[in-house]
Every structure is written in C-alpha cells, then in structure tokens.
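Listed below are the residues making up each chain.
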Amino acid sequence: MDAATEQAVVLWPLLLFTAGALGLILAMLGISAVLGGRHNSRLGNQPYESGIKPTGSARMRFSAKFYLVAIIFVLFDLEVVFIFSWAIAAPALGWPGYFAFLFFLGVLTLGLIYEWRIGALDWAPKAPRQYRLDAIESNRRRNLDSAS
C-alpha cells in the first residue's frame, strides 16, 4: 500500500465523522426552523425570569464587587483541582510531596487572609465606630430640633 492510500485510509473515518456531525447540525437547525413555534405577541417576546416580571434594563451596571468575588471564586476553585491531583498522586510523592503540598496550602491561606484583610470579601465598607456614633448624635440633634 502506498503512502497516499494509507493517508486516505486514516483520514476516511475523520471525514465521515465530520460530515455526520455537520449533517446532524444542519438537520437539527432545519427541523427547528420548520417545526418551531412562531408568535409575535407582546407577552411572548418578553424575557422569562423565573416567573418574575422583568423590571429595568438588561444593560444595568453591576458593582465591581460581583466581578471581584467571581474572580476570587474561580481562583480558589482552581486550587481545588491541584488539591485533587495531589491527593491522587500522594502515595507516589512521599514526604517531599507532602511538605510541598503543605507549603502550597500555606500560600493559599496567606492569600485568603490577605484578601480578607484588604476587604475584598466585604460587600459594604465598614465605617469606624466614631463615624457611626457621630452620625447617631447628629440624627438625634436634628430630630430634637425638628420636634421643637
């Protein structure tokens, strides 16, 4: 068998699979276009939000805290992948692998403590106690002045 024939024998299943996948995609799109429901009612064109009537625009801005918490979640979730892989390879790694893992957990814990200390996990800034006491006193004076 020459090289061209061998290459055709190797590529034939791949080409058949690709043609089958594309055919299936086109069939599903075509069937849904033919059998799919068509309605232009005002209620049918509104987004469905778990039974709650939609309010406001879909383009409203979110606080950066949501994105920060999401990024922190992804980072710590990714660390779980490393912990699982270490758990699988732990017997083969021995004591040096165990100490490296402890070092890894230590760095991870320090990162969490740092994020906690800088307030990355707080949803609202905390006012110092004196500011709160001053605000209470100011409100009390203002209420007494308005009552008189």
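Values in this document were obtained by computation on a predicted structure and should not be read as measured data. Residue numbering note: each chain is counted from 1, following its sequence as written. It should be noted that, the model being predicted, local features are given only for residues of pLDDT at least 70 and side-chain atom pairs only at 80 or more, the latter also being counted only at that level, while totals for whole chains, interfaces and linings use all residues. Computation of side-chain values: all heavy atoms of the structure, hydrogens and water removed.

K.L.:
Is there a simple way to explain the overall build of the chain in this structure?
P.N.:
A count of helical and extended segments in the chain gives three helices and zero strands. Moving toward the C terminus, one meets the helices and strands of the chain in the order α-α-α. Here the chain, with 148 residues, has 5% of them falling under the buried criterion. Summing over all exposed atoms, the chain offers an accessible surface of approximately 13400 Å²; the carbon and sulfur share of this is 70%. Put simply, DSSP H or I for four residues or longer makes a helix, DSSP E for two residues or longer makes a strand, and each gets a number counted from the N terminus. Working definition: with a 1.4 Å probe on protein chains only, accessible area under 20% of the residue-type maximum means buried, over 50% means exposed, and in between means partly exposed. All accessibility values rest on the Shrake-Rupley procedure with a 1.4 Å probe; residue burial counts only the protein chains present in the view.

K.L.:
Would you mind going over the UniProt feature "transmembrane region" (unreviewed entry) in the chain with me for this structure?
P.N.:
UniProt tags residues 12-35, 66-89 and 95-114 as "transmembrane region" (unreviewed entry). Secondary structure over residues 66-89 splits into 100% helix and 0% strand, and the C-alpha atoms at its two ends are 35 Å apart. Taken end to end, residues 95-114 has its terminal C-alpha atoms 28 Å apart, with 100% of it in helix and 0% in strand. UniProt positions are given in the numbering used here, feature names are shortened, and annotations may be inferred rather than shown by experiment.

K.L.:
Explain the side chain of Glu 79 here, please?
P.N.:
If you trace the backbone, Glu 79 turns up in helix α2 (residues 64-117). Residue classification places Glu 79 among the buried residues on the basis of a relative accessible area of 14%. Each residue touching Glu 79, except ones within four places of it in the same chain, is listed here: Phe 104 and Leu 108. By definition, residues are in contact when any of their heavy atoms lie within 4.5 Å.

K.L.:
How should I be thinking about the pattern of salt bridges in this particular structure?
P.N.:
For side chains bearing opposite charge, pairing can occur when the charged atoms are close. By definition here, a salt bridge exists when the distance from a side-chain nitrogen of Lys or Arg to a carboxyl oxygen of Asp or Glu is within 4 Å. Summed over all chains, the structure comprises two salt bridges. In this structure, the salt-bridge partner of Glu 137 is Arg 140, at a minimum N-O distance of 2.6 Å. One end of the pair is Glu 137 and the other is Arg 140, both in helix α3 (residues 129-147) and three residues apart, which spans about a single turn. Between Arg 141 and Glu 137 there is a salt bridge, with the nearest N and O atoms lying 3.7 Å from each other. Pair noted here: Arg 141 and Glu 137 are both in helix α3, with a separation of four residues, about one helical turn. Residue Glu 137 is classed as partly exposed on the basis of its relative accessible area, which comes to 30%. Where salt bridges share partners, they join Glu 137, Arg 140 and Arg 141 into one cluster.

K.L.:
It is not clear to me how α2 should be interpreted in this structure. Could you clarify?
P.N.:
Two residues of an α-helix separated by three or four positions point the same way, owing to the 3.6 residues in each turn. Its 54 residues give α2 an end-to-end C-alpha distance of only 18 Å, which falls more than 12% under 80 Å, the value for a rise of 1.5 Å per residue. Axes are fitted to the seven residues ending at a residue and to the seven starting at it; the angle between these axes is taken as the bend at that residue. The sharpest bend along α2 measures roughly 125 degrees and falls at Leu 93, with the proline Pro 96 sitting one to four residues further on. Turning to α2, its buried residues are Ile 72, Glu 79, Gly 97, Phe 101, Leu 108 and Glu 115. Positive phi shows up at Gly 119, right after α2, with a value of about 90 degrees. Residue count minus one, scaled by 1.5 Å, sets the expected span of a helix.

K.L.:
What should I look at first to understand helix α1 (residues 3-35) in this one?
P.N.:
Compared with an ideal rise of 1.5 Å per residue, which puts 33 residues at 48 Å, α1 spans 48 Å between its outermost C-alpha atoms and is within 8% of the ideal. Considering bend angle alone, the principal kink of α1 is centred on Leu 11 and spans about 35 degrees; proline Pro 13 follows within four residues of it.

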